[in-house]
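One letter stands for each residue in the lines below.
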Amino acid sequence: MLSLAAFAALMALGLPIAFAMIAGAAVQIVLGGNGVLLLSLPQQLFQGMENTGLLALPIFILLGELMAESGAGRRLFALAGLGAGGMRGGLAQAVIVANGLMAAVLGSTVAQITLMARLAVPEMERAGYPRDAAAALTAAGGLLAPVIPPSMLLIVYGVIAQVPIADLFLAGIGPGLAILAVLIAVTALTGRRAGFPAPAPRAASARAAVTGALPALAIPAAMIGAILGGIATPAEAGIVAILAVLFVALGALWPALIATARSTAAILFLIAAAGLYAWVAAWENLPAMVAQQIQALSGSPLVFLLLLNLLLLALGMVLDPMPALILVVPVLLPVAMDSYGIDPVHFGLVACLNLTLGLLTPPVGVGLHTAAMQTGVPAGRIARLVLPYLGGVLAVLAALVLWPGLALGPARLLQ
Amino acid sequence: MPPTALCFAARLDARLARAEIRLAAALLGGALCCMLAGGAMRSLGRPLIWTDELAVLCMAVAALFGASAGIASGQHLAVGALAARLPRALRRGADALLAALLAGFLLCLWIWLDPLGLLRAGSGAALARETGNFTYAEPTMTLGLRKIWFWLAMIPATLGALFHALVRASGARC
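On to the overall build of chain A, then. Along the backbone of chain A there are 21 helices and zero strands. Whereas a compact globule of 415 residues would reach a radius of gyration of roughly 22 Å, chain A reaches 22 Å, a difference of no more than 12%. With respect to the principal axes defined by its C-alpha atoms, chain A has extents near 75 × 45 × 45 Å. Restricting to contacts in chain A with at least 6 residues of sequence separation, those with at least 24 account for 78%. For chain A, the exposed area adds up to about 15400 Å²; of that, 68% sits on carbon and sulfur atoms. Within chain A, the 12 negative side-chain charges are centred at a point lying 20 Å from the centre of the 14 positive side-chain charges.

Our next topic: the pattern of salt bridges. All names here are of chain A. A full pass over the atoms with the stated rule returns six salt bridges over all chains. Two residues, Glu123 and Arg126, come together in a salt bridge whose shortest N-O distance is 3.2 Å. Taken together, the residues span about one helical turn, with Glu123 and Arg126 both in helix 7 (residues 109-126) at a distance of three residues. Overall, the relative accessible area of 65% leaves Arg126 in the exposed class.

What follows deals with unusual backbone geometry. The omega torsion across A:Pro149 and A:Pro150 is -5°, close enough to zero to call that bond cis. With respect to the helices and strands, A:Pro150 occurs in the loop between helix 8 (131-141) and helix 9 (152-161). The phi torsion at A:Gln162 lies on the positive side, around 60°, for a residue other than glycine. One can find A:Gln162 in the loop between helix 9 and helix 10 (165-194). Under the relative-accessibility criterion, A:Gln162 is labelled exposed at 65%. Positive phi, normally seen in glycine, also occurs at B:Asp114, with a value near 45°. Secondary-structure assignment places B:Asp114 in the loop between helix 4 (88-113) and helix 5 (115-121).

This part covers the packing of aromatic side chains. Under the criterion given, the structure shown has seven aromatic pairs over all chains. When the ring of A:Tyr129 is compared with that of A:Phe196, the centres are 4.9 Å apart and the planes differ by 55°; the resulting orientation is tilted. Placement of the pair is A:Tyr129 in the loop between helix 7 and helix 8 and A:Phe196 in the loop between helix 10 and helix 11 (206-228), with a sequence separation of 67 residues. A:Tyr129 gets classed as buried once you look at its relative accessible area, which sits at 3%. A relative accessible area of 6% places A:Phe196 in the buried class. Judged by centre distance (5.2 Å) and plane angle (55°), the rings of B:Trp112 and B:Trp151 are tilted. Taken together, the residues B:Trp112 in helix 4 and B:Trp151 in helix 7 (residues 148-151) connect sequence positions 39 residues apart. Taken as a pair, B:Trp112 and B:Trp151 share a single burial class, namely buried.

As a further point, take the nonpolar core. Core analysis: the largest hydrophobic core is formed by 213 residues, its most contacted members being A:Phe46, A:Leu57, A:Tyr157, A:Phe347, A:Leu349 and A:Ile382. For this core, the element with the highest residue contribution is helix 13 (residues 253-283) of chain A, accounting for 16 residues. Setting aside anything within four residues of it in sequence, one finds A:Leu349 in contact with A:Val147, A:Leu154, A:Leu168, A:Ala171, A:Gly172, A:Pro175, A:Leu400 and A:Ala407. Ranked by size, the runner-up nonpolar core spans five residues in total, among them B:Leu6, B:Ala10, B:Val167 and B:Ala172.

Now for a positive patch on the surface. Taken together, the side chains of B:Arg11, B:Arg15, B:Arg18 and B:Arg22 make up a positively charged region of the molecular surface. Relative to the assigned elements, B:Arg15 resides in helix 1 (residues 3-43).

What follows covers the interface of chain A and chain B. Listed as interface residues are 48 residues of chain A and, on the opposing side, 49 residues of chain B. Each partner contributes to the roughly 4400 Å² buried at the junction of chain A and chain B, and carbon and sulfur atoms together form 82% of this total. One can count two salt bridges joining chain A with chain B. Between A:Glu50 and B:Lys147 there is a salt bridge, with the nearest N and O atoms lying 3.1 Å from each other. The interface formed by chain A and chain B contains two residue pairs in polar contact (both at pLDDT 80 or more). Put simply, the parts of the chain that give the side of chain A that touches chain B at least two residues each are helix 1 (2-12), helix 2 (17-31), helix 3 (41-47), helix 4 (56-69), helix 12 (234-249) and helix 13 of chain A.

So, on to the side chain of A:Asn34. Tracing the chain through its elements places A:Asn34 in the loop between helix 2 and helix 3. Leave out the neighbours within four places in its chain, and A:Asn34 touches A:Ile29, A:Trp283 and A:Glu284.

Our focus in this paragraph is the environment of A:Ala185. Mapped onto the secondary structure, A:Ala185 falls in helix 10. Given a relative accessible area of 40%, A:Ala185 falls into the partly exposed group.

Residues and elements named next belong to chain A. In this fold, Ala398 is placed in helix 20 (residues 387-402). Taking relative accessible area as the criterion, Ala398 reaches 36% and is therefore assigned partly exposed. Through-space distance from the C-alpha of Ala398 to that of Asn309 is 9.4 Å; in sequence the pair is 89 residues apart.

Below, the discussion takes up a nonpolar patch on the surface. Together, A:Val36, A:Leu39, B:Leu107, B:Trp110, B:Ile111, B:Leu116 and B:Leu119 line one region of the surface with nonpolar side chains, adding up to about 730 Å² of accessible area. Elements supplying a minimum of two residues to the nonpolar patch: helix 4 and helix 5 of chain B. Ranked by the residues each element gives to the nonpolar patch, the list is headed by helix 4 of chain B, at three residues. Mapping A:Leu39 onto the fold places it in the loop between helix 2 and helix 3.

To continue, consider helix 4 of chain A. Residue and element names in this part refer to chain A. Between its terminal C-alpha atoms helix 4 stretches 20 Å, which fits the 20 Å expected from 14 residues at 1.5 Å a residue. The buried count for helix 4 comes to 11 of 14 residues, which makes it a mostly enclosed element. The complete set of buried residues in helix 4 reads Ala56, Leu57, Pro58, Ile59, Phe60, Ile61, Leu62, Leu63, Gly64, Leu66 and Met67. Downstream of helix 4 by one or two residues, Gly71 has phi in the positive range, about 85°.

For the rest of this paragraph, the subject is the confidence of the model for chain A. In the predicted model, chain A carries a mean pLDDT of 84, and the fraction of residues at 70 or more is 96%. Within chain A, the lowest mean pLDDT, 74, falls on helix 14 (residues 286-297) of chain A, and the highest, 94, falls on helix 20 of chain A.

What counts, and where the lines are drawn
- Residues numbered from 1 in each chain as written.
- Chains lettered and ligands numbered in written order.
- Predicted model: local features only at pLDDT ≥ 70, side-chain atom pairs only at ≥ 80, totals over all residues.
- Heavy atoms only, no water.
- Helix = DSSP H or I, 4+ residues; strand = E, 2+ residues; numbered from the N terminus.
- Rg over C-alpha atoms; globule rule 2.2 N^0.38 Å.
- Contact = heavy atoms within 4.5 Å.
- Areas by Shrake-Rupley, 256 points an atom, 1.4 Å probe, with all protein chains shown as cover.
- Lys, Arg positive; Asp, Glu negative; His and termini not counted.
- Charge placed at Lys NZ, Arg CZ, Asp CG, Glu CD.
- Salt bridge = Lys/Arg side-chain N within 4 Å of Asp/Glu carboxyl O.
- Buried < 20%, exposed > 50% of the residue type's maximum accessible area, 1.4 Å probe, protein only.
- Phe/Tyr/Trp six-rings, centres within 6.5 Å; stacked < 30°, edge-to-face > 60°.
- Core = buried A, V, L, I, M, F, W, Y, C linked by side-chain atoms within 4.5 Å.
- Patch = residues over 30% accessible without salt bridge, like charges linked within 9 Å, V, L, I, M, F, W, Y side chains within 5 Å.
- Buried area = accessible area lost by both parts, 1.4 Å probe.
- Polar contact = N/O pair within 3.5 Å; in protein donor to acceptor, adjacent residues only side chain to side chain.
- Expected span 1.5 Å × (residues − 1).
- pLDDT = per-residue confidence, 0-100.

Written out as structure tokens, the structure is:
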């Protein structure tokens, strides 16, 4: 308990979460009288990053960076905008659809919101949308990135939980499409109430928009198809996709590698620190103790999943999805599988979707702050405007908890 | 510390962080090349068994240097909501705490690597025989190299991280 308190206190002080975790692990080792374990600490930390599955992480981060540099976002937005002309709130719907397409390209909420805020918000303002509504819509669209494959969050979950990443990508399709449908429905309702404008049909050539967007669509489609079809591993498919994008964005390779190094290091170091904490926790038999406590609270898988969701919602409000996932999965997944017979793929989708909500909730909500920073609209105002969208995604989460088939169904069908 | 020394430290800090992130990016590029070579040769029916291990080790070393640079640029994931409301002195205290943590880690590294024991024993194998410390004897699976060559990256990375944390704690700026 004292190690958890040390971890929480250091985190609250603003210490990087990974270092707070290492300190917590060290406190646990010392308090447990296992001082000799401190000598293995560096080796354990290094081993936490030695995982072939983790290679997918830099590959997909680099792919996202290169796709963003290659102008894929602009082309996908132009394609989605084809259906917007003349319809009330049509441009807003186009932004949501463009976000859905972009999620299959970028896999990161922050990257997606940053790109869409630059592309969509000025366009929406020109069409007569209030700036705050445009900012909120862009932020809400970012919720699609962590669920629609390829998703960084699903890759990290796959590595921690030892679940095939291809299975997770397959399972992400159902909930991802459900969220897309919900976001479109909420936008339609909000648009009618707020009186979103109906822009004049655009004169831009549909043919040019489609041909321009084809490579941007074909690369992720071929990549995801190769992964799901079992032709290539996620890492191999990602490498081939990188080579394809390099044809149009070779000059962006070095800056993209630098950005990839920054993101990868932060995530990998966090995973290594969490691995260290899990190692110490296993030494102290913590998972078994937690399992005992939870089993005393609930007997059914449904109650367990409800409790899990409450815990994740609370965690998601103060932590980024990635560290929250890394903290929770090693302790609770064994309980979920062994005591309640919950499918690890279902558990992963529930956890990832739940933590995604935290991206748009104060005080931490990275997506919220990114949208605020990019658009100049106060984060509090965006947080109020995204509430209907969060409600919609919460409904999808509830459906996913009650009906695992939403995630596992498409996977079983395609397998 | 006098202002000029602080300014020098801040400049050195920024340069070191830039060098670290470039090294991390180059290592990641190397890891990707390894994977590409591995995939290409596998598809040609002549698999290279060492590519995956080298790629993973490059990635791990890249993460170490990138993590050190991340301290300088404040890019590690952290809960900033409460910390932003703390007085400046307390925030610097947190940076000093981070520096202390890194110094402790450096001490763990020193004891684990036992350089004096290695000097006394004369070789990694002799150290393993005498003390049961197999750090220098542990092999990689496919590379034909000892793992220690990759583990050694933890020393400069931790020293760099410690320097970044100390500069942040001192509030040095130029």
